[in-house]
Amino acid sequence: MRNVPLGPTGLTVPNVVAGMMRIDDKTDAEVRALYDAARGAGIDFFDHADIYARSLHSAEKRFAEALDLSAAERGEIRLQTKAGIVREGPYFDFSYEHLVSSVEASLRALQTDYVDVLLLHRPDALVEPAEVARAFDHLESTGKVRAFGVSNHTPRQIDLLRTAVRQPLVANQVQLSIAHAPLVTQGLAANMESTPQSSVLDGGGLVEYCRINGITLQAWSPLQGTRGNGGVFLGHPEYAELNAVIDELAEKYDVTPLAIAVAWITRHPADMQVVLGTTTAGRLADAAAGSDLRLTRAEWYALVRAAGYIVP
Ligand SMILES: NC(=O)c1ccc[n+]([C@@H]2O[C@H](COP(=O)([O-])OP(=O)(O)OC[C@H]3O[C@@H](n4cnc5c(N)ncnc54)[C@H](OP(=O)(O)O)[C@@H]3O)[C@@H](O)[C@H]2O)c1
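Here we summarise the structure given alongside this text. (Residues numbered from 1 in each chain as written. Predicted model: local features only at pLDDT ≥ 70, side-chain atom pairs only at ≥ 80, totals over all residues. Heavy atoms only, no water.)

**Some points on helix 1 (residues 28-40)**
In step 1: Compared with an ideal rise of 1.5 Å per residue, which puts 13 residues at 18 Å, helix 1 spans 18 Å between its outermost C-alpha atoms and is within 8% of the ideal.
In step 2: Within the span of helix 1, buried status applies to Val 31, Leu 34, Tyr 35, Ala 37 and Ala 38. Along the axis of helix 1, the buried residues cluster in a sector spanning 160°; they form a single face. Exposed residues on helix 1 whose side chains face more than 90 degrees from its buried face are Ala 29 and Gly 40. (Helix = DSSP H or I, 4+ residues; strand = E, 2+ residues; numbered from the N terminus. Expected span 1.5 Å × (residues − 1). Buried < 20%, exposed > 50% of the residue type's maximum accessible area, 1.4 Å probe, protein only. Arc of directions from axis to C-beta.)

Structure (structure tokens):
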């Protein structure tokens, strides 16, 4: 497992991490098997959120109850959670009260005194940077949160937070897969007429911004595409051309197609983390094989073209 820097914290973290969004209906044995597969593959970083699963904090609770970690084992892993979405709205709330109470409820559900990383889940249009700063200062000084970051934020939204927030923002978790790659491919077609790929989205330059500012990018839904009804692109007929190239590379490197989908992200020099969502222990181990599989430039771009993006 290749480790990458987590922002400017000095910590290194695995470049493949286990997302816990889908564990709510899993048995203790299934959650334990997933956890063991993760640890066996060198993955000691687990991604949560207050809103995952059927009721608030229920996936966090499922994780803690199924694993019943000792204090020593808790110290060996990194727990990341998120706050800021009010699911029953839906709306967003970056107020001091909401952020602090959400983290406190996450700590109770996770049965821990601290989370290693807290992410602001989705931008709040009504954000008051000074209020976020006050919440972060409180959560840091009480030892409840060790590092802070964002998710789904544009460069300018991060700049706005940084006008008041004192702590470094160590991560930005964004949707990215080879079949959903506007953040990466937009720059390839910059300044070309008549192609949607060239249009400057609000997140324009986000990858470059995070690299310049030492913010670790975390790629969520690394296996999901947008064609048809969406869903996993591996083996999906809407992505026949992409799957043909993936299968060829999987054979060449003697790994599963899943590992190639992961390797397309880990090959990027931004040292991104891939946030997997599988609940299948075997798939997690297969995916981990993509951690340090270094695709050649030609292979990486072949995947970009096969996914239907323009490489002019
Ligand atoms: N920040 C955000 O806004 C945000 C949003 C969404 C998600 N996330 C995070 O990102 C994580 C990953 O998201 P995700 O679950 O959408 O990611 P994903 O890894 O792209 O998808 C996982 C899903 O794909 C299925 N799958 C995996 N390999 C497959 C294969 N070869 N064939 C068919 N199905 C396959 C899995 O099924 P099995 O479980 O049966 O293997 C699971 O249902 C979440 O757990 C969460 O932590 C963050």
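**Points about the environment of Ile 310**
In step 1: Take Ile 310: it is sitting in the segment after helix 12 (297-306).
In step 2: In this structure, the C-alpha to C-alpha distance between Ile 310 and Val 17, residues 293 residues apart in sequence, is 30 Å.
In step 3: Among all residues touching Ile 310, those that are not within four sequence positions of it are Leu 188, Met 192, Thr 195 and Gln 197. (Contact = heavy atoms within 4.5 Å.)

**What about the pairing of strand 14 (residues 273-276)?**
In step 1: The two faces of strand 14 match: Gln 273 and Val 275 on one face and Val 274 and Leu 276 on the other face are all buried.
In step 2: Bridge count for strand 3 (residues 16-19) against strand 14 is three bridges, and the pairing is parallel. Looking at strand 14, one finds that Ala 18 is bridged to Leu 276.
In step 3: Pairing of strand 11 (residues 216-220) with strand 14, which is carried by three bridges, proceeds in the parallel orientation. Paired with Gln 218 across the bridge in strand 14 is Gln 273. (Pairing = 2+ DSSP bridges.)

**Here's the deal with the nonpolar core**
In step 1: Ranked by internal contacts, the top residues of the largest apolar core, which has 87 residues, are Phe 46, Phe 63, Val 132, Leu 242, Trp 264 and Leu 303.
In step 2: No other element matches helix 10 (residues 257-266), which puts seven residues into this core.
In step 3: Phe 46 has contacts with Ala 18, Met 20, Tyr 35, Ala 38, Arg 39, Phe 63, Ile 77, Arg 78, Leu 79 and Gln 80, leaving out every residue within four places of it along the chain.
In step 4: Among the nonpolar cores identified, the runner-up in size contains eleven residues, and Val 13, Val 17, Phe 45 and Ala 171 belong to it. (Core = buried A, V, L, I, M, F, W, Y, C linked by side-chain atoms within 4.5 Å.)

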